[in-house]
Amino acid sequence: MAALPDHAPAGPTPRQVADAMFSRDHAAQAAGMVVEQVALGSATVTMTVRKDMVNGHDICHGGYMALLCDTAFAYACNACNQNTVASGFSIEILAPARLGDTLVAVGVEQAQRGRSGVYDIKLTNQHGDIIALFRGKSARIAGEVLPSANHA
């Protein structure tokens with residue numbers, strides 16, 4: 001069994017944290033996202049491209065692709081139950097996504113030092129074709145997503 005990262009406090013599981021976050025995540029819910037997998041430092045979130053997400057070029061609006069990647073980033077960096085927000089991100093869109101495509105955003109922690117982290121998210125379609133690459137920078141803020149046993 002792998003050792004837990006230094007920044008992983010005892011307390012709720014990553015899935016419990018994700019479920020609590022999702023219950024308040026109205027943007028992800030409105031976009032029809034599903035948090036498929038979450039573990040310490042990683043998350044997989046999916047979304048199907050709907051008609052209301054398609055732009056004037058008949059492809060998925062880049063903002064929705066960024067929203068999906070940002071959501072996977074959020075679930076990956078909050079999995080250890082310490083409130084964490086984005087301090088910045090960039091996205092490179094490599095190919096269009098189309099109406100009906102199921103997009104899969106897989107986020108993985110690359111580095112964590114003190115309150116700062118770096119996460120890479122790969123966005124693919126249902127065929128495994130890479131649609132976009134996203135890099136997010138995180139910042140820890142005060143508090144926890146769910147109260148842990150340490151503060152009960």
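Quick summary incoming for the structure in this document. Note that the structure is predicted; figures quoted are calculated from it, not measured. The residue count restarts for each chain, going from 1 along the sequence in the order it is written. Local features in a predicted model are, by the rule used here, given only for residues with pLDDT of at least 70; side-chain atom pairs are given and counted only at 80 or more, and totals for whole chains, interfaces and linings are based on all residues. Water and hydrogen atoms were dropped before computing side-chain values, which therefore reflect all heavy atoms in the structure.

A few points about the pattern of salt bridges
By salt bridge we mean one thing: a side-chain nitrogen of Lys or Arg within 4 Å of a carboxyl oxygen of Asp or Glu. Taken as a whole, this structure holds 3 salt bridges when the rule is applied. For aspartate 19, the salt bridge identified is with arginine 15, shortest N-O distance 3.2 Å. You can see aspartate 19 and its partner arginine 15 sitting in helix H1 (residues 14–24), 4 residues apart, about one turn around the helix. Judged by its relative accessible area of 43%, aspartate 19 falls in the partly exposed class. When the shortest N-O distance is used, the salt bridge between arginine 135 and aspartate 120 registers 2.6 Å. Here arginine 135 is found in strand S6 (residues 130–144), whereas its partner aspartate 120 is found in strand S5 (residues 116–124), with 15 residues between them in sequence. For arginine 135, a relative accessible area of 37% corresponds to the partly exposed category. Numbering goes from the N terminus for both helices and strands, where a helix is a DSSP run of H or I of at least four residues and a strand is a run of E of at least two. In this scheme, a residue with accessible area under 20% of its type's maximum is buried, one over 50% is exposed, and one in between is partly exposed, where area comes from a 1.4 Å probe on protein chains only.

Thoughts on the side chain of aspartate 101
Mapped onto the elements, aspartate 101 comes out in the loop between strand S3 (82–93) and strand S4 (102–113). Despite its burial, aspartate 101 pairs with no opposite charge, the nearest such side chain being arginine 98 at 6.1 Å. Any pair of N or O atoms that falls within 3.5 Å is considered a polar contact. Within protein, one atom must be able to donate a hydrogen and the other to accept it, and sequence-neighbouring residues count only if both atoms are side-chain atoms. Polar side-chain contacts of aspartate 101 include one of 3.2 Å to the side chain of glutamine 126. Among residues more than four places away in sequence, those in contact with aspartate 101 are Met47, Thr48, Val49, Asn125 and Gln126. Charged-residue counts in this description rest on Lys and Arg as positive and Asp and Glu as negative, His and the chain ends being excluded. Here, residues are in contact when the closest pair of their heavy atoms is within 4.5 Å.

Digging into the side chain of asparagine 125
With respect to the helices, strands and loops of the structure, asparagine 125 is situated in the loop between S5 and S6. Of note is the side chain of asparagine 125, whose polar atom sits 3.0 Å from the backbone nitrogen of aspartate 129. When neighbours within four sequence positions are excluded, asparagine 125 is seen to be in contact with Asp101, Thr102, Leu103 and Ile131.

Comments concerning the nonpolar core
Grouping buried Ala, Val, Leu, Ile, Met, Phe, Trp, Tyr and Cys residues that are joined through side-chain atoms within 4.5 Å yields what is termed a nonpolar core. Counting residues in each nonpolar core, the largest one holds 34 residues, and the members touching the most others are Leu68, Leu103, Ile121 and Leu123. At 8 residues, helix H3 (residues 62–78) tops the list of elements feeding residues into this core.

Focus: unusual backbone geometry
Residues other than glycine seldom take positive phi values, yet aspartate 58 does so here, at roughly 65°. Following the sequence through the fold, aspartate 58 ends up in the loop between strand S2 (42–48) and H3. Accessibility expressed as a relative area gives 54% for aspartate 58, which makes it exposed.

Shape is all these values report; function is a separate question.
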